[in-house]
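Observations on the model geometry
So you can see what is in the structure, the chains are spelled out below.
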Amino acid sequence: MEVKVLDINGKDTGRKVQLSDSVFAIEPNNHAIYLDVKQYLANQRQGTHKSKERNEVAGSTRKIKKQKGTGTARAGSVKSPVFVGGGRIFGPRPRNYSFKLNKNLKRLARKSALSLKANENNLVVVEDFNFETPNTKNFINVLKALGLENKKSLFVLGDTNKNVYLSSRNLKSSSVVTNSELSTYTILNTNSLVLFEGAVEGIEANLSK
C-alpha cells in the first residue's frame with residue numbers, strides 16, 4: 001500500500017512511501033494482540049504486595065480461653081485470622097507476574113496492530129526532521145500542522161533523535177519512540193501513529209525476520 005509523505009508543516013511533499021502489505025495490511029489476529037498486551041501490562045507490575053499471615057503478626061501465642069465449656073467457638077491465640085488484628089488468610093505474597101511469549105506471536109501482534117491503524121486511516125508518514133535545540137513549542141507546532149494537537153499521538157523515529165524526544169517529553173498526549181522500541185501496547189494506546197520516513201524500513205525489517 002502507498003502512503004503520501006507529509007512535511008513538517010503538514011503539506012504533501014509529492015512523494016509516496018510503499019508500505020509492505022505483509023506488515024501493514026494483514027488480517028489482524030485479535031488473540032495475538034490480547035496476549036501481547038497482557039504480557040506488556042503484566043511486566044509493568046512490581047508484584048511487591050504483601051500482607052502479614054498468622055505466623056508474622058506480633059502477639060502472644062497463649063490460648064485465650066479453654067477449649068470446651070464456654071458455649072462459643074474454639075479459639076487459639078489472638079493472632080488467629082478471625083480476630084481483629086490477627087493474620088490474614090490467604091493474603092497476597094510477592095510474586096513475579098511476567099510470562100514469556102513466542103517471538104513469532106509477538107511479531108504477529110505488532111503487525112496486526114499496525115494493520116488496524118492503517119485500516120482506520122490513523123497512520124501518517126512524515127519526512128524526517130530535527131530541531132536545533134529541544135523546544136516543546138516547535139513540537140506543538142508540528143502537532144498543530146498535522147492536526148494532532150487534541151489527539152493522543154505516537155511518533156516513531158528511525159534512529160535516536162534526542163532533540164525531538166526532549167521536545168515532546170512535557171506533553172502528556174504525545175510520545176516519541178524509536179522503531180526498535182515499538183510495541184503492540186504503545187501502538188494501540190494512541191489515536192494517531194506518526195511514522196518518520198526513515199522508520200518505515202526499520203519497522204518492516206524488524207517484523208519480517
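To be clear, the structure that these remarks concern was listed above.
Below, the structure is looked at part by part. Quick caveat: nothing in here was measured; it's all calculated off a predicted structure.

1. Considerations on helix α2 (residues 30-44)
The terminal C-alpha atoms of α2, which comprises 15 residues, lie 21 Å apart, in line with the 21 Å expected from a rise of 1.5 Å per residue. Among the residues of α2, A32, I33, L35, D36, V37, Q39 and A42 are the ones counted as buried. Of the surrounding elements, those touching the buried residues of α2 are α3 (103-119) and α6 (184-188). A distance of 3.2 Å separates the backbone nitrogen of H31 from a side-chain oxygen at the start of α2, and that oxygen is part of N29.

2. Considerations on the packing of aromatic side chains
Think of a pair of aromatic rings as described by two things: how far the centres are apart, and how the planes are tilted against each other in angle. All told, the structure shown has four aromatic pairs when counted by the stated rule. Seen in terms of ring centroids, F129 and F131 are 5.6 Å apart; in terms of plane orientation they differ by 50°. Their pairing is tilted. Grouping residues by exposure puts F129 and F131 together as buried. Counting every residue linked through ring pairs, the aromatic cluster contains F129, F131 and F196. Stacked on the ring of Y97, the Lys or Arg R45 has its end atom at 3.6 Å from the ring centre.

3. Looking at the environment of A205
The topology assignment puts A205 in helix α7 (residues 197-207). Here the alpha-carbon distance between A205 and N179, two residues 26 residues apart in the chain, equals 10.0 Å.

4. Some details on the packing of α3 against α7
One can describe the packing of α3 onto α7 by two numbers: an axis separation of 10 Å at closest approach and a directional angle of 140°. Looking at the two axes, α3 sits oblique to α7. Seen from α3, the contacting residues are R107, R110, K111 and L114; seen from α7, they are I203, N206 and L207. Across the contact of α3 with α7, the residue classes tally to three nonpolar, one polar and three charged.

5. A few points about the pairing of strand β6 (residues 192-196)
With five of its five residues buried, β6 lies for the most part within the structure. Residues S192, V194 and F196 line one face of β6 and the alternating positions L193 and L195 line the opposite face, and both faces are buried. As paired strands, strand β3 (residues 123-126) and β6 are joined by four bridges and run parallel to one another. The residue bridging V125 from the neighbouring strand is L195, located in β6. Bridging between strand β4 (residues 153-157) and β6 involves four bridges; their strand directions are parallel. Of the residues in β6, the one forming a bridge with V156 is L195.

6. A closer look at the nonpolar core
Ranked by internal contacts, the top residues of the largest apolar core, which has 38 residues, are L114, F155, V156 and L195. Filtering out sequence-adjacent residues up to four positions away, L114 remains in contact with V23, F24, L123, L182, I187, L193, I203 and L207.

7. Looking at the environment of V164
With respect to the helices, strands and loops of the structure, V164 is situated in helix α5 (residues 162-168). For the pair V164 and V176, spaced twelve residues apart in sequence, the C-alpha to C-alpha distance is 7.8 Å. Apart from the residues lying within four places of it in its own chain, the contact partners of V164 are F129, N130, F131, F139, L157, V176 and F196.

Definitions and limits used
Residues numbered from 1 in each chain as written. Predicted model: local features only at pLDDT ≥ 70, side-chain atom pairs only at ≥ 80, totals over all residues. Heavy atoms only, no water. Helix = DSSP H or I, 4+ residues; strand = E, 2+ residues; numbered from the N terminus. Expected span 1.5 Å × (residues − 1). Buried < 20%, exposed > 50% of the residue type's maximum accessible area, 1.4 Å probe, protein only. Contact = heavy atoms within 4.5 Å. Polar contact = N/O pair within 3.5 Å; in protein donor to acceptor, adjacent residues only side chain to side chain. Phe/Tyr/Trp six-rings, centres within 6.5 Å; stacked < 30°, edge-to-face > 60°. Lys NZ or Arg CZ within 6 Å of the ring centre and 35° of its normal. Axes fitted to C-alpha atoms, helices over the stretch in contact; angles between N-to-C directions. Parallel < 35°, antiparallel > 145°, perpendicular 65-115°, else oblique. Nonpolar A, V, L, I, M, F, W, Y, C, P; charged D, E, K, R; others polar. Pairing = 2+ DSSP bridges. Core = buried A, V, L, I, M, F, W, Y, C linked by side-chain atoms within 4.5 Å.

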